[in-house]
Amino acid sequence: MRVIVAISGASGVQYGLRLIEVLYELGHEIDLVVSDGARKVIEYEVKKSVDHIFNKATVSYDIKNIGAAIASGTHPSDGMVVVPCSMKTLAAIANGLSQNLIHRAADCRLKEEQRLILVLRETPLNMIHLKNMILAKEAGASILPASPGFYYNPKSIEDIIDFVVGKVLNLLGIKHSLLKPWNPD
Ligand SMILES: Cc1cc2nc3c(=O)[nH]c(=O)nc-3n(C[C@H](O)[C@H](O)[C@H](O)COP(=O)(O)O)c2cc1C
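Just so you know, these numbers come straight off a predicted model, no measurement behind them. (Residues numbered from 1 in each chain as written. Predicted model: local features only at pLDDT ≥ 70, side-chain atom pairs only at ≥ 80, totals over all residues. Heavy atoms only, no water.)

(A) Geometry of the overall build of the protein. Of the regular secondary structure elements, the protein holds seven helices and six strands. When the elements of the protein are put in sequence order from the N terminus, they spell out β-α-β-α-α-β-β-α-α-β-α-β-α. Reported as C-alpha extents along the three principal axes, the dimensions of the protein are approximately 50 × 40 × 30 Å. A buried classification covers 48% of the 185 residues belonging to the protein. The contacts of the protein with a sequence gap of at least 6 include a subset with a gap of at least 24, amounting to 75%. Carbon and sulfur atoms make up 52% of the accessible area of the protein, which totals about 9,400 Å². Here the protein holds 20 positive side-chain charges and 19 negative ones, and the gap between their average locations is 2 Å. (Helix = DSSP H or I, 4+ residues; strand = E, 2+ residues; numbered from the N terminus. Buried < 20%, exposed > 50% of the residue type's maximum accessible area, 1.4 Å probe, protein only. Contact = heavy atoms within 4.5 Å. Areas by Shrake-Rupley, 256 points an atom, 1.4 Å probe, with all protein chains shown as cover. Lys, Arg positive; Asp, Glu negative; His and termini not counted. Charge placed at Lys NZ, Arg CZ, Asp CG, Glu CD.)

(B) View of unusual backbone geometry. Across the junction of V83 and P84, the peptide omega takes the value -5 degrees, indicating a cis bond. Positionally, P84 belongs in strand β4 (residues 80-85). Look at the link from T123 to P124: it is a cis peptide, with omega at -5 degrees. Its identity is not glycine, yet K47 carries a phi of approximately 60 degrees, on the positive side.

(C) Molecular detail of the site of the ligand. With respect to spatial proximity, 15 residues lie near the ligand, and among them G9, S35, S86, T89 and R121 are the closest. Contact distances for the ligand include 3.4 Å between a nitrogen atom and a side-chain N or O atom of E122. For the ligand, the accessible surface in isolation is 640 Å², of which the surrounding protein chains cover 72%. Counting residues per element, the shell around the ligand draws most heavily on helix α2 (residues 36-45), which supplies four residues. (Near = heavy atom within 4 Å. Polar contact = N/O pair within 3.5 Å; in protein donor to acceptor, adjacent residues only side chain to side chain.)

(D) Focus on the pairing of strand β2 (residues 29-34). Counting buried positions along β2 gives five out of six residues, so the element sits mostly inside the fold. In the sheet, strand β1 (residues 2-7) pairs with β2 via six bridges, with the strands oriented parallel. Considered in β2, the bridge of I4 is made with D31. Each parallel crossover has a hand, and the one from β1 via helix α1 (residues 13-25) to β2 is right-handed. As judged from the three bridges shared by β2 and strand β3 (residues 59-61), these two strands associate in the parallel manner. Looking at β3, one finds that V33 is bridged to Y61. (Pairing = 2+ DSSP bridges. Right-handed = clockwise from strand over helix to strand, strands pointing away.)

(E) Seen up close, the sheet that holds strand β5 (residues 116-120). Sheet architecture is open: six strands sit in the order β3-β2-β1-β4-β5-β6, paired in parallel fashion. If you trace the sheet from one side to the other, it starts and ends with β3 and β6 (142-143), each paired once. Together, β1, β2 and β4 form the strand contacts of α1, whose direction differs from that of β1 by roughly 160 degrees. (Axes fitted to C-alpha atoms, helices over the stretch in contact; angles between N-to-C directions.)

(F) Quick look at the nonpolar core. Counting 36 residues, the largest nonpolar core has V5, I7, L19, L32, F54, V81 and V119 as the members making the most contacts within it. Among the elements of the structure, β1, α1, β2, α2, α3 (51-54), β4, β5 and α7 (157-172) are those that each provide at least two residues to this core. Once residues within four sequence positions are removed from consideration, L32 is found in contact with V5, I7, I20, F54, A57, V59, S60 and Y61. Of all hydrophobic cores here, the second largest spans 26 residues; its members include I4, I63, M80 and L110. (Core = buried A, V, L, I, M, F, W, Y, C linked by side-chain atoms within 4.5 Å.)

Here it is in structure tokens:
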């Protein structure tokens, strides 16, 4: 599959970085776009270079390049994931603002009726956030809050990250071993 991975400036950039790693390990192609906000959050949360992960992308795009291939509905994409998705990026997508390449690529996925997964991260949520989620959902996006479950008894932060990334892969229809089907018996 060929998946657009967009990283915006919400907390939890680790989810996006891990998704890139897993898609790459599973042999999928990745179109990558990273917002300026995300680069700032990476500085705070990761505190080291993530170039070795970004280098796993098949193609990387500048956030300002609204003429890039993924800014067209003709791009041969099997879906797009905004992970993590900030409330600002949610607002722009939900209201069709297309102010940067992430917004525009998402807009194209919706108009082409392709899979668009928004891994939202904010808490608590105000009414604007909630209404924008409904708008995005009504337009065809999947709303996947970065909300890890603990019933798998995670042993590490990596386990918690893999829970959320596993949920993303499930929605993309990609087989993986991050999250086994729940079977308490
Ligand atoms: C360390 C840090 C953590 C942040 N966490 C969040 C968050 O969890 N959710 C959110 O909506 N915004 C968060 N923000 C604010 C966004 O980065 C900010 O609104 C930015 O303009 C988003 O732009 P972007 O969506 O284009 O990346 C955070 C900012 C910083 C610096």
